[in-house]
Structures are given as structure tokens and as C-alpha cells.
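Now for the letters of each chain:
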Amino acid sequence: MRQYLTSSDIANTASMMRTGFSGTILMVEGVTDSRLYGKFVDREETRILVAHSKDKVRTSVTELRDRRGDDRVIGIIDSDLDRLKHKRPKGPVFMTDRRDAESMMIASDALDDVLAEYADREALELFESKFGSVRDRVMEGAYPVGLLMYVSDRYGLGLSFKDLDFKSFISRRDLSCDIKAMIGESIANTNSDHTSPKYTMRLLREELDKGYDMSEVCRGHDLVKVLLLGLREIFGGSNAKFLREGELGGALRLAYDDDVFSGTELYRDTKEWCDSRSMPLWKFR
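Each value, and the rule that gives it
Residues numbered from 1 in each chain as written. Predicted model: local features only at pLDDT ≥ 70, side-chain atom pairs only at ≥ 80, totals over all residues. Heavy atoms only, no water. Pairing = 2+ DSSP bridges. Helix = DSSP H or I, 4+ residues; strand = E, 2+ residues; numbered from the N terminus. Axes fitted to C-alpha atoms, helices over the stretch in contact; angles between N-to-C directions. Contact = heavy atoms within 4.5 Å. Phe/Tyr/Trp six-rings, centres within 6.5 Å; stacked < 30°, edge-to-face > 60°. Disulfide = S-S within 2.5 Å. Buried < 20%, exposed > 50% of the residue type's maximum accessible area, 1.4 Å probe, protein only. Core = buried A, V, L, I, M, F, W, Y, C linked by side-chain atoms within 4.5 Å. Parallel < 35°, antiparallel > 145°, perpendicular 65-115°, else oblique. Left-handed = near helix turned anticlockwise from the far one by under 90°. Nonpolar A, V, L, I, M, F, W, Y, C, P; charged D, E, K, R; others polar. Arc of directions from axis to C-beta. Salt bridge = Lys/Arg side-chain N within 4 Å of Asp/Glu carboxyl O. pLDDT = per-residue confidence, 0-100.

Caption draft 1: Looking closely at the sheet that holds strand 4 (residues 93-95). Read from one edge to the other, the open sheet built from four strands follows the order 2-1-3-4, with strand pairing classed as parallel. Strand pairing shows two members of the sheet lacking a second neighbour, strand 2 (46-50) and strand 4, which therefore form its edges. When the angles between neighbouring strand axes are averaged without regard to direction, this sheet yields 25 degrees. Two elements, strand 3 (residues 73-77) and strand 4, share three bridges in a ladder whose sense is parallel. What sits directly across from Ile77, in strand 4, is Met95. Against the sheet, helix 14 (residues 265-276) touches strand 3 and strand 4, its axis set at about 165 degrees to strand 4.

Caption draft 2: Molecular detail of the packing of aromatic side chains. In total, this model carries 14 aromatic pairs according to the counting rule given. Ring geometry for Tyr256 against Phe261: centres 6.4 Å apart, planes inclined by 65 degrees, an arrangement best described as edge-to-face. Summarising the aromatic geometry, the rings of Tyr267 and Phe284 are spaced 5.3 Å apart at their centres and angled 40 degrees between planes, so their arrangement reads as tilted. Placement of Tyr267 in helix 14 and of Phe284 in the segment after helix 14 is noted, with a sequence separation of 17 residues between them.

Caption draft 3: Region of the structure containing the state of the cysteines. Overall, the coordinates contain zero disulfides when judged by the stated rule. With no disulfide partner, Cys218 has as its closest neighbouring cysteine sulfur the one in Cys177, 10 Å distant. For Cys218, a relative accessible area of 1% translates into the label buried.

Caption draft 4: Here's a closer look at the nonpolar core. If you look at the biggest cluster of nonpolar residues, it comprises 79 residues, and the most contacted ones within it are Tyr37, Leu231 and Trp282. Among the elements that line this core, the one with the most residues is helix 7 (residues 134-155), at 11 residues. Ala11, Ala14, Leu49 and Val93 belong to the second-largest nonpolar core, a separate cluster that totals 15 residues.

Caption draft 5: Here's a closer look at the environment of Met105. With respect to the helices, strands and loops of the structure, Met105 is situated in helix 4 (residues 101-106). You can call Met105 buried: its relative accessible area is 2%. C-alpha separation for the pair Met105 and Asp42, spaced 63 residues apart in sequence, amounts to 21 Å.

Caption draft 6: Broad picture of the packing of helix 5 (residues 110-118) against helix 12 (residues 245-255). One can describe the packing of helix 5 onto helix 12 by two numbers: an axis separation of 8 Å at closest approach and a directional angle of 125 degrees. Between helix 5 and helix 12, the angle is such that the two are oblique. As for the relative orientation of helix 5 and helix 12, their crossing is right-handed in sense. Counted together, Ala110, Leu111, Asp113, Val114 and Tyr118 of helix 5 and Leu248, Ala251, Leu252 and Ala255 of helix 12 form the full contact between these two elements. Broken down by class, the residue content of the contact of helix 5 with helix 12 amounts to eight nonpolar, no polar and one charged.

Caption draft 7: Structural context of the environment of Ala240. With respect to the helices and strands, the residue Ala240 is situated in the loop between helix 11 (220-235) and helix 12. Taking C-alpha positions, Ala240 is 33 Å from Leu208, a pair spaced 32 residues apart along the chain. Ignoring anything within four residues of it in the chain, the contact list for Ala240 reads Tyr118, Leu231 and Arg232.

Caption draft 8: Focus on helix 5. Along helix 5, the residues that are buried comprise Ala110, Leu111, Val114, Leu115 and Tyr118. Down the axis of helix 5, the smallest arc covering the buried residues is 135 degrees, so these residues share one side. Check the buried side of helix 5 and you find it contacts helix 4, helix 6 (121-131), helix 7, helix 11 and helix 12.

Caption draft 9: Spatial organisation of the pattern of salt bridges. In this structure the tally under the stated criterion is 22 salt bridges. Across the pair Asp269 and Arg268 runs a salt bridge whose closest N-O atoms are separated by 3.0 Å.

Caption draft 10: Spatial organisation of the confidence of the model for the protein. Averaged over all residues, the pLDDT of the protein equals 93, while 98% of them reach at least 70. Summarising per-element confidence for the protein, the mean pLDDT is lowest in helix 10 (residues 214-217) (88) and highest in helix 6 (98).

Caption draft 11: Local environment of the side chain of Asp222. As for its position among the elements, Asp222 is in helix 11. Asp222 sits in the buried class, given a relative accessible area of 0%. Here Asp222 is in contact with Ala142, Val145, Gly146, Met149 and Phe166, once residues within four sequence places are set aside.

Structure, rendered in C-alpha cells:
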């Protein structure tokens, strides 16, 4: 049903919230975003509303503020590929420091806490002695996937990245990405003749040579997938053998604490915006 919800439907829900509530409405893309930011908001003075897409966050906030005169609404969206495209939203819509919330969590101390819970210490130390930090290896493994998404978007290749089989191209030895196999999996997953492996490889190689900031390219979903593979098959403890993607994402959210979040640009920018307008938002000042 949620795919049929329009921006006006979301705005209507926000307007109905105004019955008996005059605080801040925080609009987010998805349920997991609601769970994450819900840890940090002032729950007495802030309500979170899930818009179910990035575009609906932007358009719903615009409708509420510009057409309905509700100036106590703010939105948070994933940056996705916007920074690579030199796009930035205007307040009151703000985007994540990295590509999405999961990327922010894996870049933070939350990853260390999750590894302390799910990794086998000796196996983890052996892995890192050979290949470097898990964080770096996970990012390097996910980077080509994120960059291929950018290539597909930029050149209109129409590739589908839903339900990719990461085991078909991520090494169970060092978490490196087999780029040729990754392209083959993406094209097979798309079932489209809009491109060929050779042409796609050429385009991707050109972008790889540009040396983008990995933190702007790696998609959180892919980072979690690579990390999950590492925990299940390389350096995980016995409690990680049957760990599921949703459980790992939940563990990262739980480990992502106030101190870490309050150090982000997202926190700083949203706080400055709200403070200047006497709008409550976060539970800590």
C-alpha cells in the first residue's frame, strides 16, 4: 500500500498530527531511519513521520511549509549519489554525512562495538594482520558496487542492484571485490540488453581511475552485506554463523550512540537550523 501513498497523503498525515501537537515533525525516508533517529530526538516535543521515499520527504516538507504554512517541519534524507552530482538540498531538508545512515554507522565506533560482540578475537586479529582493518576492507569491497550504481545512473544503463548475490563476487578470503564477476552478476540480475560486460567494464574503469572518496560512494546496504559475509565466513564468532542482515543492521543502530551522532555534520546542521527557529528536535543540546 505504501507505494501508492502520495506526497499529499504524507502531508495530510502530518497535518492530522497537529491536532493536539505543536512540536517538531521530523520526516525521514524509511522505517530503519525512524528507528535510528528515534534514539536521539526529544520524544516529548518531536514526532517522526516515515515518508517511504527520498522524493516524498522533500516534496511533503515543501507542501507542508509552502502551501500549508507549517514551519515546524524538518526532513532528513540519504545523500545517495547527490554529492557526486554536486547536489545539496536546502533547509529544512538535510542529508546524511555519508551516503546513508548505515554508511555513517559503519564509519563510526559502532562498528567496533559490533565486532566486539560478533567477531572471534583471534580470527579478527589474524584477518587484520594480513589484510588491514575490517572497516577498510569492507569499504573497499563495497566501493565498486556503489560506483557501478553511479555509472549505471550516469550513463543510463538501467542496471538493477536489488538482491545481488554478494557471494558471487566478494572474496571469502579478504573481502575484495571481483569486479568482472560483480558486473556479470549485475547484468544477469537486470535481465536487460541495455549494456554489455565489456562496455560496462570500460565505463567503470574510467570512474575507478578518478579516485572518488569511498565514503561518498559506498552504499550502506552493500557495506552491511560485505560485513555480514565477513562475520559469517571469515572472522565471526559462533554467534555470527546464522546472523541475518536485519539483525546486523539493528546491532549497528543500537551501538550508534549519542556521543557519536552528536559529532556529525547532520546533527550540527539540523541543530543550528532548529535552534535559530526555537524548534525542539534532539534530546541533547
